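# Overview (structure and organization)
Below are the chains, spelled out letter by letter.
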Amino acid sequence: MHRPTWVEIDLDALAHNLNSIKNKIGKGTSIIAVVKANAYGHGIEKVSKRLEDEGVSMFGVATVEDAVKLRAYGINNTILILGCILPNQIDTIVKYSITPTIVNYQIAKGISSHILQSYSSADLRKKHRVHIKIDTGMGGFGIKATGAVETIRKINELENISIDGIFTHFTSSDGSDMDTVKEQITLFNGVISALESHNIFIPIKHTDNSSIILKNPLLFNAIRPGISLYGMYASQYLPRLIDLKQVMSLKTKIVNIKGLRKGDTVSYGRTYTAQRETVIATLPIGYSDGYKRQLSNKGNVLVNGKIAKVAGVVRMDFTYIDITDIPGVNVGDEVVLFGSQGDKTISIESIARETESIPYEIICGIGKDVPRIYKPE
Ligand SMILES: *Cc1c(COP(=O)(O)O)cnc(C)c1O
């Protein structure tokens, strides 16, 4: 029996969202499913497996460790590391056929030389597939668009490297500033046409994350959705163009119920005072599980299909709710912190608004110790 606080992952909703995205983009565009950060807190193995069963053939992760985890789980398709790798990780990415993002000549050269040294016979030496990242404005890692062509031509000449993909990432990834997106696309296109004029044709080109897929009619031949797969829009300003179902629910069970008299207070700092005879239930979940402290005296939860409010401040391991107006509640009853119960739903987007956060941070912030229960198993 797992602890009475858990996350439920609706894998059918995940498949539904994937299909909604597929319908939007049409057949000519492939999907690189972004499963970094433990699939945004949903659990990288089960999520990737289901996506693979649904036909996804490329995955995006942030770290080599996550890529290796996927290989160990039996994912044999392309795994692209969206972050940078260090020279001492070359060994691992070659061993597990993991596709790195190349952000300079040296790392590509390092991979090529490693393969040359590891295999004495030329027949055994395979070209390692890589994607090139172009910096069109993010300013972090990536080969700067201006002057990129020279670097990429050199990389292309390396004996054991095959450039499979080229991509860039938008600074306005929530789609709030489409002017900068267009500027970045122009720079990116400039690099691609310059390469093509040198007879370098890179098969997979990708720029769009979830929000931009919705706002930008001009797609390259692959996209990188993350948050939309998990059933959310990155911000409230995006057009709700596709039907998305929230994949993650957060649930717990009432562990105590007690009555308070008018004037009694609840939790640290006595920020909640009972204005009448009040019934308070204790939930075994707190900010250490990712139920944010900003929800103190503010959050809504579902009990018996009705809304109850958080009473007092959220503690590290406990949260109190006011159930005075909800009849027939018992210890052991299920409480939904986000997700659906009866005909009501508490969206992760609403939690993000209430905590002045973004949906990404809410789902990634759910504690690693909170068990993930998959439906269907
Ligand atoms: C995280 C990430 C994505 C996915 O972004 P969403 O907004 O979740 O769709 C796409 N591309 C890169 C490079 C990323 O780091």
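Parameters at a glance
Residues numbered from 1 in each chain as written. Predicted model: local features only at pLDDT ≥ 70, side-chain atom pairs only at ≥ 80, totals over all residues. Heavy atoms only, no water. Helix = DSSP H or I, 4+ residues; strand = E, 2+ residues; numbered from the N terminus. Buried < 20%, exposed > 50% of the residue type's maximum accessible area, 1.4 Å probe, protein only. Contact = heavy atoms within 4.5 Å. Areas by Shrake-Rupley, 256 points an atom, 1.4 Å probe, with all protein chains shown as cover. Lys, Arg positive; Asp, Glu negative; His and termini not counted. Charge placed at Lys NZ, Arg CZ, Asp CG, Glu CD. Expected span 1.5 Å × (residues − 1). Polar contact = N/O pair within 3.5 Å; in protein donor to acceptor, adjacent residues only side chain to side chain. Pairing = 2+ DSSP bridges. Right-handed = clockwise from strand over helix to strand, strands pointing away. Salt bridge = Lys/Arg side-chain N within 4 Å of Asp/Glu carboxyl O. Arc of directions from axis to C-beta. Domains from an automatic or database assignment. Buried area = accessible area lost by both parts, 1.4 Å probe. Near = heavy atom within 4 Å. Nonpolar A, V, L, I, M, F, W, Y, C, P; charged D, E, K, R; others polar.

### What about the overall build of the protein chain?
In terms of regular secondary structure, the protein chain is built from eleven helices and 21 strands. Projected onto its principal axes, the C-alpha coordinates of the protein chain cover approximately 80 × 45 × 35 Å. Counting all 377 residues of the protein chain, 53% fall into the buried class. Sequence-distant contacts, at least 24 apart, represent 66% of the contacts inside the protein chain between residues at least 6 apart. Split by element, the accessible area of the protein chain, about 17,000 Å² in all, is 49% carbon and sulfur. For the protein chain, the distance from the average site of its 44 positive side-chain charges to the average site of its 38 negative ones is 1 Å.

### What about helix α1 (residues 11–25)?
Over its 15 residues, α1 extends 21 Å from the first C-alpha to the last, a length consistent with the 21 Å expected when each residue adds 1.5 Å. Those residues of α1 not exposed but buried are Leu11, Ala13, Leu14, Ala15, Asn17, Leu18, Ser20, Ile21 and Ile25. In this fold, the buried residues of α1 make contact with β1 (5–10), β2 (30–34), α3 (44–53), α9 (210–215), β10 (222–223) and β21 (372–375). One side-chain oxygen at the N-terminal end of α1 lies 3.1 Å from the backbone nitrogen of Asp12; it belongs to Asp10. Among the residues trailing α1, Gly26 stands out with phi positive, at a value near 80 degrees.

### What to know about the pairing of strand β8 (residues 161–167)
Most of β8 is tucked away: six of the seven residues are buried. Here strand β6 (residues 128–135) pairs with β8 via six bridges, running parallel. Across the sheet, the residue bridging to His128 is Ile161, located in β8. Direction of pairing for β8 relative to strand β9 (residues 204–206): parallel, over a ladder of three bridges. The partner of Ile166 across the bridge, within β9, is Lys205. Following the chain from β8 across helix α8 (residues 178–197) to the adjacent parallel β9, one finds a crossover that is right-handed.

### Regarding the pattern of salt bridges
All chains considered together, the criterion is met by 15 salt bridges. Between Glu150 and Arg153 there is a salt bridge, with its nearest N and O atoms 3.6 Å apart. Taken together, the residues Glu150 and Arg153, both in helix α7 (residues 148–156) and three residues apart, mark about one turn of the helix. For Glu150, a relative accessible area of 49% gives the class partly exposed. The class of Arg153 is partly exposed, set by a relative accessible area of 29%. A network of salt bridges, in which partner residues are shared, links Glu8, Lys251, Glu334 and Lys375.

### Some points on α8
If you check α8, its first and last C-alpha atoms are 28 Å apart, about what 20 residues at 1.5 Å a residue would give, namely 28 Å. Within the sequence span of α8, burial applies to Met178, Val181, Gln184, Ile185, Phe188, Val191, Ile192 and Leu195. The arc that holds the buried residues of α8, viewed along the axis, is 135 degrees, so those residues lie on one side. Along α8, exposed side chains directed more than 90 degrees from the buried face belong to Asp179, Lys182, Glu183, Thr186 and Ser197. Buried residues along α8 sit in contact with β6, α7, β8, β9 and α9. The residue sitting at the N-terminus of α8 and contributing the capping side-chain oxygen is Asp177; that oxygen lies 3.2 Å from the backbone nitrogen of Asp179. Count one or two residues on from α8 and you reach Asn199, which has phi positive near 60 degrees.

### Things to note about the environment of Lys258
Note on placement: Lys258 falls in strand β12 (residues 256–260). Sequence-distant contacts of Lys258, defined by excluding residues within four places in its chain, comprise Thr278, Val279 and Ile280.

### Side note on the domain arrangement of the protein chain
Domain boundaries assigned for the protein chain yield domain 1 (11–230) and domain 2 (248–375). One C-alpha centre belongs to domain 1, the other to domain 2, and the line joining them spans 39 Å. With nine residues of domain 1 at the interface, the matching set in domain 2 holds eight residues. Contact between domain 1 and domain 2 buries roughly 920 Å² in total, counting both sides, with carbon and sulfur atoms accounting for 63%. On the domain 1 side of the interface with domain 2, the three residues burying the most area are Tyr40, His42 and Ile227, jointly 48% of the side's total.

### Let's talk about the pairing of strand β4 (residues 78–81)
Strand direction decides the pairing type here: strand β3 (residues 58–61) and β4, joined by four bridges, are parallel. Residue pairing in the sheet places Met58 in a bridge with Thr78 of β4. Read as a crossover between parallel neighbours, the route from β3 over helix α4 (residues 64–72) to β4 is right-handed.

### Quick look at the site of the ligand
For the ligand, the full set of nearby residues is Val34, Lys36, Tyr40, His169, Asn209, Ser210, Arg224, Pro225, Gly226, Ile227 and Tyr360. Between an oxygen atom of the ligand and a side-chain N or O atom of Lys36, the distance comes to 2.6 Å. About the coverage of the ligand: the protein hides 91% of its 380 Å² of free accessible area. Split into classes, the residues belonging to the shell around the ligand amount to five nonpolar, four polar and two charged.

### Quick notes on the environment of Ser211
Summarising the element assignment, Ser211 is placed in helix α9. Residue Ser211 is classed as buried on the basis of its relative accessible area, which comes to 1%. In this structure, the C-alpha to C-alpha distance between Ser211 and Thr78, residues 133 residues apart in sequence, is 23 Å. The residues contacting Ser211, other than those within four sequence positions of it, are Ser173, Asp174, Gly175, Ala234 and Leu238.

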